[in-house]
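Chains, contacts and geometry: an overview
In case you want the letters, here they are:
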Amino acid sequence: MVKATKAEKKIAYDAKLCQLIDEFTQILVVAADNVGSTQLQNIRKGLRGDSVVLMGKNTMMKRSVKIHAENTGNTGILNLMPLLQGNVGLIFTKGDLKEVSEEVAKYKVGAPARVGLVAPIDVVVQPGNTGLDPSQTSFFQVLNIPTKINKGTVEIITPVELIKQGDKVGSSEAALLAKLGIRPFSYGLVVQSVYDNGSVFSPEVLDLTEDDLVQKFAAGISMVTSLALAISFPTLAAAPHMFINAYKNALAISVATEYTFPQAEKVKEFLKDPSKFAVAVAAVSADAGGGASAGAAKVEEKKEVVEESDEEDYGGFDMFGDE
């Protein structure tokens, strides 16, 4: 079999990338640091069906995206180019973005702390028996880890923060963790950005629920309403408040002067005779109480009907058939 040249490989890669861009409108940009080939193959198998994983050099991907945009007029795909930085790959998908993102997160594997690696998390060594013989205490002394000898083995006394997030792993820390059999880090594809039909957004957006969206939308409407009321600019959100405020102002003028209008007459009437407030409140209470009394009366009436039916003689015979 003839091996393809570099130029032929580039042409094939370009054709494949352009085909995927035409076929899919949703793309996850994922970081692939410290991800092995076997792990990547497992991810491909897990996503097979509605998603395709494509890796490649950033320069090749940028070139293909740019040429594709020029040939097809799909300028929205150009928003993908700033995201092609570092060791990244593309996941083209037709499925639900959140579900695909969660599926990708499942394929994380533990990894040892290698020398020079930047720690993605804090590494804390918990107290307990290490199983190491006393000759290994030098490792603990270098790292200032308090230990004691218990039954011929080294035992760590207190929890120790061995490596902080963002620090590089030193040779002593790596050797100690290897001796303890601790694989503190886990690696996999990490979703960095989401491309959806020309729009680019953070993957945190996928975690938003409908309640979160409603809450944010309500907060936005509240801000627009407040701004519109402050500058007296009519909007659909502010219009009801403007009408109510205008009515209040007109009502205040009517109460303070002889001018009146139908909506103000009842208010003026109550202000002239405050006792009518008490009458109105009593009427409302009576209506509420009357409804409850009527309900109670119906229940009592129903009870009486049941009692009367129990007293029937059934034509001279009791209900057990005796005369």
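To start, this report covers the structure provided alongside it. If you're wondering where the values come from, they're calculated on a predicted model, not measured in any experiment.

Across all of its chains, the model carries three aromatic pairs by this definition. Ring geometry for Phe185 and Tyr187: centres 6.4 Å apart, planes at 65°, overall edge-to-face. Aromatic side chains Tyr259 and Phe261 sit 6.1 Å apart centroid to centroid with 40° between the ring planes, which places their arrangement in the tilted category. For Phe261, a relative accessible area of 14% gives the class buried.

A separate point is helix 7 (residues 210–230). Taking 1.5 Å as the rise per residue, helix 7 with 21 residues should run 30 Å; its terminal C-alpha atoms sit 30 Å apart, in good agreement. A positive phi of about 55° marks Ser232, the residue just after helix 7.

Further remarks concern the packing of helix 1 (residues 6–23) against helix 3 (residues 58–72). At a minimum axis separation of 10 Å, helix 1 and helix 3 run at an interaxial angle of 55°. The orientation of helix 1 with respect to helix 3, classified from their angle, is oblique. Here helix 1 runs over helix 3; the crossing is right-handed. Side by side, helix 1 and helix 3 meet where Lys10, Tyr13, Asp14, Leu17, Cys18, Ile21 and Asp22 of the first sit next to Met60, Met61, Arg63, Ser64, Val65 and His68 of the second. Of the residues belonging to the contact of helix 1 with helix 3, the class tally is seven nonpolar, two polar and four charged.

Our next topic: the nonpolar core. Core analysis: the biggest nonpolar cluster contains 21 residues, and Phe140, Ile145, Leu162, Ile163, Val169, Leu177 and Phe185 have the highest contact counts within it. Tyr13, Ile27, Met61 and Phe92 belong to the second largest nonpolar core, which has 19 residues in total.

A word on unusual backbone geometry. Within the chain, Lys151 stands out as a residue other than glycine whose phi angle is a positive 55°. In this structure, Lys151 sits in the loop between strand 7 (147–150) and strand 8 (153–156). The class for Lys151 is exposed, based on a relative accessible area of 83%.

What counts, and where the lines are drawn
The residue numbers shown here count from 1 along each chain, following its written sequence. With the structure being a predicted model, the display of local features is reserved for residues of pLDDT at least 70 and the display and counting of side-chain atom pairs for 80 or more, all residues being used for whole-chain, interface and lining totals. Only hydrogens and water are set aside; all other atoms, that is, all heavy atoms of the structure, feed into the side-chain values. Each pair of aromatic rings taken from Phe, Tyr and Trp, with Trp reduced to its six-membered ring, is defined by centres within 6.5 Å and is described as stacked if the planes are under 30 degrees apart, edge-to-face if over 60, and tilted in the remaining cases. The cut-offs for exposure are 20% and 50% of the maximum accessible area for each residue type, with area from a 1.4 Å probe on protein chains only; residues under the lower value are buried, those over the upper are exposed, and the others partly exposed. Secondary structure is summarised from DSSP: a helix means a run of H or I of at least four residues, a strand means a run of E of at least two, and numbering begins at the N terminus for each. Helix span, as expected, comes to 1.5 Å for every residue beyond the first. Each axis is a line fitted through C-alpha atoms, and for a helix only the stretch in contact is used; angles between axes span 0 to 180 degrees, taken between their N-to-C directions. Should an angle fall under 35 degrees it is called roughly parallel, over 145 degrees roughly antiparallel, and 65 to 115 degrees roughly perpendicular, with every other angle called oblique. Two helices crossing with the near one rotated counterclockwise from the far one by less than a right angle form a left-handed crossing, whereas a clockwise rotation gives a right-handed crossing. By the convention used here, residues are in contact when the closest approach between their heavy atoms is within 4.5 Å. Residue polarity follows a fixed list, in which Ala, Val, Leu, Ile, Met, Phe, Trp, Tyr, Cys and Pro are nonpolar, Asp, Glu, Lys and Arg are charged, and the others, Gly among them, are polar. Put simply, buried Ala, Val, Leu, Ile, Met, Phe, Trp, Tyr and Cys residues joined by side-chain atoms within 4.5 Å make one nonpolar core.

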